[in-house]
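# Architecture at a glance
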Amino acid sequence: MADRGCPLEAVPLPAEVRDSLAELELELSEGDITQKGYEKKRAKLLARYVPLIQGVDPSLQAESRTPGPCQTAAAAPRQPKARPLNSRDERFRSDVHTEAVQAALAKYKERKMPMPSKRRSVLVHSSVETCTPPDTSSASEDEGSLRRLGQLTSAPLQSCPDVEPWLDRAFQGSSTSSSASSTSSHPGGRPAVPSTASALAATPPGLAAHTHVALHSAPPDVTTGLVEHSFCERPQVASVRGVPRGYRSSILETADGVPVSSRVSSKIQQLLNTLKRPKRPPLKEFFVDDFEELLEVQQPDPNQPKPEGSQMMVLEGEPLAVGTSWPPSLLAALQQWGTAQPKAPCLTALDTTGKAICTLTYGKLWSRSLKLAYTLLNKLTSKNEPLLQPGDRVALVFPNSDPVMFMVAFYGCLLAELVPVPIEVPLTRKDAGGQQVGFLLGSCGVALALTTDACQKGLPKAQTGEVVTFKGWPPLAWLVVDGKHLAKPPKDWHPPAQNTGSKTAYIEYKTSKEGSTVGITVSHASLLAQCRALTQACGYSEAETLTNVLDFKRDAGLWHGVVTSVMNRMHVVSIPYALMKANPLSWIQSVCSYQARTALVKSRDMHWSLLAQRGQRDVSLSSLRMLIVADGANPWSISSCDAFLNVFQSRGLRPEVICPCASSPEALTVALRRPPDLGGPPPRKAVLSMNGLSHGVIRVDTEEKLSVLTVQDVGQVVPGANVCVVKVEGTPYLCKTDEVGEICVSSSATGTAYYGLLGITKNIFETVPVTAGGAPVSDRPFTRTGLLGFIGPDNLVFVVGKLDGLMVVGARRHSADDVVATALAVEPMKFVYRGRIAVFSVTVLRDDRIVLVAEQRPDASEEDSFQWMSRVLQAIDSIHQVGVYCLALVPANTLPKAPLGGIHISETRQRFLEGILHPCNVLMCPHTCVTNLPKPRQKQPGFS
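In this text, all values refer to a predicted model and were calculated from it rather than measured experimentally.

## A look at the overall build of the protein chain
When its secondary structure is counted, the protein chain shows 28 helices and 33 strands. Expressed as a percentage of the 944 residues in the protein chain, the buried residues total 57%. In the protein chain, the share of contacts with a sequence separation of at least 24, taken over all contacts with a separation of at least 6, comes to 76%.

Here is the structure:
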């Protein structure tokens, strides 16, 4: 007989006692006895068996119960899947960090700490410790929320009905329950060992249906079993609740505490209780959030490092050169080169074999852009009226393999005073993030999309033959901008746009940490200032050749390869992503064949080149004067930079050529390392304590220690900009010199707003940093960059992470990129694919919890995967001193992909929250990181 969740099954009770208990329950159900009387008589009957109940071994309890369906169901065999093509994608590689992780794991072995253990079934009933609520009459408020075995009061069976609502509310509010395994902790409240997934009750909604703690596929009723077991009944509840599985009583309680028969439908009884209550609760109940008071408040560590430096000053970049013969505007530069230098090469596009398929000259770019502008303004009509007006937004839908037509469409829109909105080509109705992009197009009022004939043929079609309307997208008219579809303008026709000043030039989209997509407006004045700042910082000159490996539709690929190149009449060689996958050395070969002076790459491209360079002896990089690393703001790019230099230095690459830079969609280019001939100081590196960074302070450490992060500078502030570092949260106070904060930029070369979002625009683009005394540091507003860092020696900018990847767990900061690097350092090649891993945070009990998702190799066995997952937990615990809430492995090639490789993080996070991630192996450890469980309520005076 299961009595209120207490383990009576393992205790032999005489038949007469069991009969007496049955009669008592019958009397209670028929209303012949009150609840209080029932409890007294029941406790008297069972008084002599209390010592037996207290001494029951939890393992006996589990063995005495009927095995759950998870124990008997055999794991379904997994079908091996083909390896993805992009298996070389190594984003985070550091031999030093790998050695540190291995050393940390070795320390675990020396301490002889147990590995996380697999559980046979999630339906095995919990121990007395889990079932028994805290007895607040005899325990202090500071004790743990779960009582250990043997700490029951003299009448433990009587305490069961007095369960406070904290555990039930915690489960309902956050889908989190405490683990059934040991919760012994360090003095600081952190668990000693990252135990196993015994608390699958903390699984987000929907995820439990595909999860088994023992790394097996669970049957569909796992969620039901989790919800119903291990709860004790309360004497007074707001409504009738479902009876837990441990109950064999037929008793329910109403809101008034009156017992009713279980034959009455609980939903009907709940409706009756609802009708008895007043229609509106008292006004104060709308504002009282007692759940906040119940949560354990994370107390700051008195020994944590604190900033000790002086308050930083605003760092001023060098002024923009005066008297330089720059064109007055970007469109004036296009017209000048298109008429004066019509045969000068502007853009060369390569196909997937590395051959040049098209070379666009400045004369062709000018004439085709002029044709498109005339067509857009004069040939598109609706009811005899122009379809487009100056200032309207137009979507640009071009694949990464066609930079020529994108460039024509971009400048054609600028000449027609239209605002281009470059987006990715939608391949299916279920593209990752496609619905959010559609929301952006709708909010921008986009009604027309420009594309090529080849691209339109590849788009999904409806039965009518027209392009389908994608989910969440507004109805769009599609215009093919190939030459034969454009009308030639009259000789006396001139484009309306000349010098548009503060008007919006284009809108670049950005996906936030939560998955929402916003459009960032960049004015013509900002675009011109960005061109001039990059020209001065990079020392660009006319007819210079630039090799661009980046996406030309956005970010640095657009600013350097499409805009600044036209300002300086440069020749750009565009390397498509498909060519990089087929031949990672293609960009180096183009540098050699075109004698390029500048190359624009990411650290990923450098690493791919290292893997493919063996046997290639005829390449030379001696022509390069700048190798711009666009993702240099990622601290882990330093490994690729150093390794690339070590290999290619013997092939003409000079150390001063490597130039990391930092940028963001809001602030455009923030900082850029410059070669010595352009006035740049020597490069710097810093070895920082990860523990100090987690508290937001800078502490230089030694490389021998385990928890260190080596970062390189991203150069000096771009010309014409002022930079400061402010607090991440709250009032934007200036940070101290040894404090990490968000970098802010004041410049004419930044974005101007989030399109249509005035509220967050003011917070991001109109920030006013203040001193410790509250005085503004400048009369000009600053733009928040979303970059976390500090100003180092020689006024060099250092970046340690991004705000989108920041996870604040228990008042300590952790970077998602750092956690990815640690996980990939644990022998990843055997079990998961490099580059196919995502780390993000979810909110549980009003605090961030770390989730790690990776694609598992098809040939990895379940046992091997479990061992790897356990070692990852130990490595993260040693390196970062933080627990992982959930570690999930999914089948190969199933995570949502970003347009140009990598994982779509926000889409992965959304699938995790919705329970549609479909993992094949899961290891959940909520008890290692959910340390702020609700505190037990105190009994009210006079309550019996």
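## Topic: the sheet that holds strand β31 (residues 847–856)
Pairing is mixed across the open sheet formed by 4 strands, whose spatial order is β30-β31-β32-β33. Looking at strand neighbours, the two that pair on one side only are β30 (832–844) and β33 (921–924), the edges of this open sheet. Sheet twist, expressed as the mean angle between neighbouring strand axes with direction ignored, is 15°. Pairing between strand β32 (residues 886–890) and β33: 4 bridges, direction antiparallel. Bridge pairing links A888 to V922 in β33. Its contacts with the sheet place helix α27 (residues 862–880) against β30, β31, β32 and β33, and it is angled at close to 35° to β33. Running at roughly 60° to β30, helix α28 (residues 905–914) makes contact with β30, β31 and β32 of the sheet.

## Thoughts on the nonpolar core
Ranked by internal contacts, the top residues of the largest apolar core, which has 74 residues, are L365, L376, F410, Y411, L450 and V562. The element contributing the most residues to this core is helix α15 (residues 403–415), with 11 residues. Residues M690, L796, M869 and L889 belong to the second largest nonpolar core, which totals 52 residues.

## Quick look at unusual backbone geometry
Non-glycine residue N795 carries a positive phi angle of around 60°. When you line up the elements, N795 lands in the loop between β26 (783–791) and β27 (797–802). Of note, A811 is a non-glycine position whose phi angle comes to about 70°, a positive value. For A811, the location among the structural elements is in the loop between β28 (806–809) and β29 (812–815). Its relative accessible area of 60% is what places A811 among the exposed residues.

## A few points about the pattern of salt bridges
Applying the stated criterion across every chain yields a total of 19 salt bridges. With its nearest N and O atoms 3.9 Å apart, the salt bridge here joins E308 to R699. In this pair, E308 sits in the loop between α12 (290–294) and β3 (315–316) while R699 sits in the loop between α24 (690–694) and β21 (708–712), placing the two residues 391 residues apart along the sequence. You can call R699 partly exposed: its relative accessible area is 24%. The partner of K727 in a salt bridge is E739, and the shortest N-O contact between them spans 2.6 Å.

## Some words on the packing of helix α18 (residues 524–538) against helix α19 (residues 555–567)
Geometrically, a packed helix pair is captured by the angle between its two axes and the distance between the axes. The N-to-C vectors of α18 and α19 enclose an angle of 85°; their axes lie 9 Å apart at closest approach. Considering the angle they form, α18 stands roughly perpendicular to α19. Residues L527, L528, Q530, C531, L534, T535 and C538 of α18 touch α19, and the partners they reach there are W559, H560, V563, T564 and M567. Class assignment for the residues of the contact of α18 with α19 results in 8 nonpolar, 4 polar and no charged.

## Looking at the packing of aromatic side chains
Using the criterion set out here, one finds 13 aromatic pairs in the structure. A centroid spacing of 5.9 Å and a plane angle of 65° characterise the contact between F410 and Y506, whose relative ring orientation is edge-to-face. Here the residue F410 occupies a position in helix α15, and Y506 occupies one in strand β12 (residues 504–511), the gap between them amounting to 96 residues. No difference in accessibility class separates F410 from Y506, as the two residues are buried. Among the aromatic residues, those joined into a cluster by ring pairs are F398, F406, F410, Y411, Y506 and F552.

## What about helix α21 (residues 586–594)?
Considered for burial, the residues of α21 that qualify are S586, W587, I588, S590, V591 and C592. Once α21 ends, the next one or two residues include Q595, with phi positive near 50°.

## Concerning the confidence of the model for the protein chain
Should pLDDT be low for a region, the predicted coordinates there are not to be read in detail. In the predicted model, the protein chain carries a mean pLDDT of 77, and 72% of its residues have values of at least 70. Counting interchain partners and residues more than four positions distant, the pLDDT-below-50 stretch residues 1–10 has 35 contacts. Low confidence marks residues 119–258, where pLDDT is under 50. Its contacts with residues over four positions away, or in another chain, come to 332 contacts.

## Examining the sheet that holds strand β18 (residues 658–664)
Strands sit in the order β5-β4-β15-β14-β16-β17-β18-β19-β22 across an open sheet of 9 strands; the sheet is mixed. In this open sheet, the two strands that pair with only one neighbour each are β5 (356–361) and β22 (716–717). Two elements, strand β14 (residues 545–548) and strand β16 (residues 598–601), share 3 bridges in a ladder whose sense is parallel. Pairing of T547 across the sheet is with A599, part of β16. α21 contacts β4 (345–350), β5, β14, β15 (571–574), β16 and β17 (626–629) of the sheet and is inclined by roughly 170° relative to β14.

## Digging into the pairing of strand β9 (residues 419–423)
Along any regular strand, the residues point their side chains to alternate faces of the sheet. With 5 of 5 residues buried, β9 lies mostly within the body of the structure. Neither face of β9 is left uncovered, since the one carrying V419, V421 and I423 and the one carrying P420 and P422 both have all their residues buried. Here strand β8 (residues 393–397) pairs with β9 via 5 bridges, running parallel. Bridging across to β9, A395 finds its partner in V421. As for the winding sense of the linkage, the β-α-β connection from β8 through α15 to β9 is right-handed.

## Brief notes about a nonpolar patch on the surface
Together, I268, L271, L272 and L275 make up an exposed nonpolar region whose accessible area comes to about 400 Å². For L275, a relative accessible area of 61% corresponds to the exposed category.

## Some thoughts on the packing of helix α22 (residues 603–612) against helix α23 (residues 637–648)
For the pair α22 and α23, interaxial distance at closest approach is 9 Å and the crossing angle is 40°. As summarised for this structure, α22 and α23 are arranged oblique, according to the angle between their axes. By crossing handedness, the relation of α22 to α23 is classed as left-handed. Between α22 and α23, the residues in contact are S603, M606, H607, S609 and L610 and S637, S640, C641, A643, F644, V647 and F648, respectively. Along the lines of polarity and charge, the residues of the contact of α22 with α23 split into 7 nonpolar, 5 polar and no charged.

## Things to note about the side chain of S640
Turning to its location among the elements, S640 is positioned in helix α23. By relative accessible area, S640 is classed as buried at 5%. In this view, S640 contacts S603, M606 and H607; residues no more than four positions away in its chain are not counted.

## Thoughts on α22
Within α22, 8 of the 10 residues are buried, leaving the element largely enclosed by the surrounding structure. All of the buried residues along α22 are S603, R604, D605, M606, H607, W608, S609 and L610. On its buried face, α22 is in contact with α20 (577–582), α21, β16, β17 and α23.

## Comments concerning the side chain of T598
Structurally, the position occupied by T598 is in strand β16. Under the relative-accessibility criterion, T598 is labelled buried at 0%. Within the structure, T598 has its side chain in polar contact with the side chain of E544 (distance 3.1 Å). Other than its neighbours up to four places away in sequence, T598 contacts Y540, E544, T545, L546, T547, L624, R625, M626 and I628.

## A word on the environment of W587
Along the chain, the position of W587 falls in helix α21. Each C-alpha atom, one on W587 and one on P576, is 9.6 Å from the other, the two residues being 11 residues apart in sequence. Other than its neighbours up to four places away in sequence, W587 contacts T547, V549, I575, M580, A599, V601, D605, S609, L627 and F644. A polar contact of 2.8 Å, which involves the side chain of W587, links it to the side chain of S609.

## Quick word on the environment of V890
Within the secondary structure, V890 is located in strand β32. The class of V890 is buried, set by a relative accessible area of 0%. Residues V890 and V922, spaced 32 residues apart in sequence, show a C-alpha to C-alpha distance of 8.8 Å. Residues contacting V890, with those up to four places away along its chain left out, are V853, A854, E855, Q856, L895, L917, H918, P919 and C920.

Each value, and the rule that gives it
Residues numbered from 1 in each chain as written. Predicted model: local features only at pLDDT ≥ 70, side-chain atom pairs only at ≥ 80, totals over all residues. Heavy atoms only, no water. Helix = DSSP H or I, 4+ residues; strand = E, 2+ residues; numbered from the N terminus. Buried < 20%, exposed > 50% of the residue type's maximum accessible area, 1.4 Å probe, protein only. Contact = heavy atoms within 4.5 Å. Pairing = 2+ DSSP bridges. Axes fitted to C-alpha atoms, helices over the stretch in contact; angles between N-to-C directions. Core = buried A, V, L, I, M, F, W, Y, C linked by side-chain atoms within 4.5 Å. Salt bridge = Lys/Arg side-chain N within 4 Å of Asp/Glu carboxyl O. Parallel < 35°, antiparallel > 145°, perpendicular 65-115°, else oblique. Nonpolar A, V, L, I, M, F, W, Y, C, P; charged D, E, K, R; others polar. Phe/Tyr/Trp six-rings, centres within 6.5 Å; stacked < 30°, edge-to-face > 60°. pLDDT = per-residue confidence, 0-100. Right-handed = clockwise from strand over helix to strand, strands pointing away. Patch = residues over 30% accessible without salt bridge, like charges linked within 9 Å, V, L, I, M, F, W, Y side chains within 5 Å. Areas by Shrake-Rupley, 256 points an atom, 1.4 Å probe, with all protein chains shown as cover. Left-handed = near helix turned anticlockwise from the far one by under 90°. Polar contact = N/O pair within 3.5 Å; in protein donor to acceptor, adjacent residues only side chain to side chain.

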